[in-house]
Amino acid sequence: MIESGARSLEMDAFEELGLERRLVLGEAELDAAFAAAGKKAHPDAGGTKEAFERVGRAKATLASPVSRLRHWLELEGFEGDLRGTVSAGMMDVFAELGALLQQVDGLLREREKASSALAKAMLEGRTQAAREELEAMQEKLEAMMAERVAVFSEVEGGGRDGWELARELGFLEKWRAGVRERFAGLW
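Residues numbered from 1 in each chain as written. Predicted model: local features only at pLDDT ≥ 70, side-chain atom pairs only at ≥ 80, totals over all residues. Heavy atoms only, no water.

### Some remarks on the overall build of the chain
Next, step 1: Tallying secondary structure elements over the chain gives 9 helices and 2 strands in all.
Next, step 2: Helices (α) and strands (β) of the chain occur, in sequence order from the N terminus, as β-β-α-α-α-α-α-α-α-α-α.
Next, step 3: Relative to the globule expectation of 16 Å for 187 residues, the C-alpha radius of gyration of the chain, 21 Å, shows a markedly less compact shape.
Next, step 4: Each of the three principal axes of the chain carries a C-alpha extent, and together these read 60 × 45 × 25 Å.
Next, step 5: By the burial criterion, 36% of the 187 residues in the chain qualify as buried.
Next, step 6: At a minimum sequence separation of 6, the contacts of the chain that also span at least 24 residues come to 71%. (Helix = DSSP H or I, 4+ residues; strand = E, 2+ residues; numbered from the N terminus. Rg over C-alpha atoms; globule rule 2.2 N^0.38 Å. Buried < 20%, exposed > 50% of the residue type's maximum accessible area, 1.4 Å probe, protein only. Contact = heavy atoms within 4.5 Å.)

### What to know about the layout of surface pockets
Next, step 1: Counted as a void, the second largest pocket has a volume near 160 Å³.
Next, step 2: Around the second largest pocket, the lining residues are Leu25, Gly26, Glu27, Leu30, Asp31, Lys59, Ala63 and Arg68.
Next, step 3: Where the lining of the second largest pocket is concerned, the elements lending two or more residues are helix 2 (27-41) and helix 3 (49-63).
Next, step 4: A class-by-class count of the residues in the lining of the second largest pocket yields 3 nonpolar, 1 polar and 4 charged. (1 Å grid on protein atoms, 1.4 Å probe; cavity = no way out; pocket = protein on both sides within 12 Å on 5 of 7 lines; lining within 4 Å. Points joined across faces, edges and corners; volume = space filled by probe spheres on them. Nonpolar A, V, L, I, M, F, W, Y, C, P; charged D, E, K, R; others polar.)

### Looking at the packing of helix 5 (residues 88-113) against helix 7 (residues 124-149)
Next, step 1: Contact geometry for helix 5 and helix 7: axes closest at 11 Å, N-to-C directions at 150 degrees. On the basis of the axis angle, helix 5 is roughly antiparallel to helix 7. Both helix 5 and helix 7 take part in a crossing whose hand is left-handed. Counted together, Met90, Val93, Glu96, Leu97, Leu100, Leu101, Gln103, Val104, Leu107, Glu110 and Arg111 of helix 5 and Arg126, Thr127, Ala130, Arg131, Glu133, Leu134, Met137, Lys140, Leu141, Met144 and Arg148 of helix 7 form the full contact between these two elements.
Next, step 2: Counted by class, the contact of helix 5 with helix 7 contains 12 nonpolar, 2 polar and 8 charged residues. (Axes fitted to C-alpha atoms, helices over the stretch in contact; angles between N-to-C directions. Parallel < 35°, antiparallel > 145°, perpendicular 65-115°, else oblique. Left-handed = near helix turned anticlockwise from the far one by under 90°.)

Note that all results are geometric; they support no functional claim without further evidence.
Rendered as structure tokens:
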């Protein structure tokens, strides 16, 4: 177990996958490291079930930008908290998202209650419009996430508060999951 400040970590996901401890990490690099570590840790190759599961947890930790950032901050001993305020721009997006999700949830309830083919057909125009609005919101959230991931090197260099960034990425991931869930419900 790794001790980091007041926290103790189960593992160093970077070490588990044989990667240098850094935030800027490409998907192909992560996949290759997982494949190599997985081959060694797999029970069929002389490893153990536990070792293979640890490799899987390490990949999951590093695949998510917010999990990777949090893990890195903890390993590096940076004290911080995911609770706290977010920027006014994030609050504006939250308000916009909240209104959209309320609208979509109402539409989903109407679709559930629609019992005839005619009633369902009458909702199709609104359903398509909601899909388009959700797609636009998804693109907005993806762009916001990409902007934040793009400054990971600043966090590594000490020029940016990593915990504030982790907090914002956490909200963005949660909001993105909500949008995806509603979008799937409209099909």
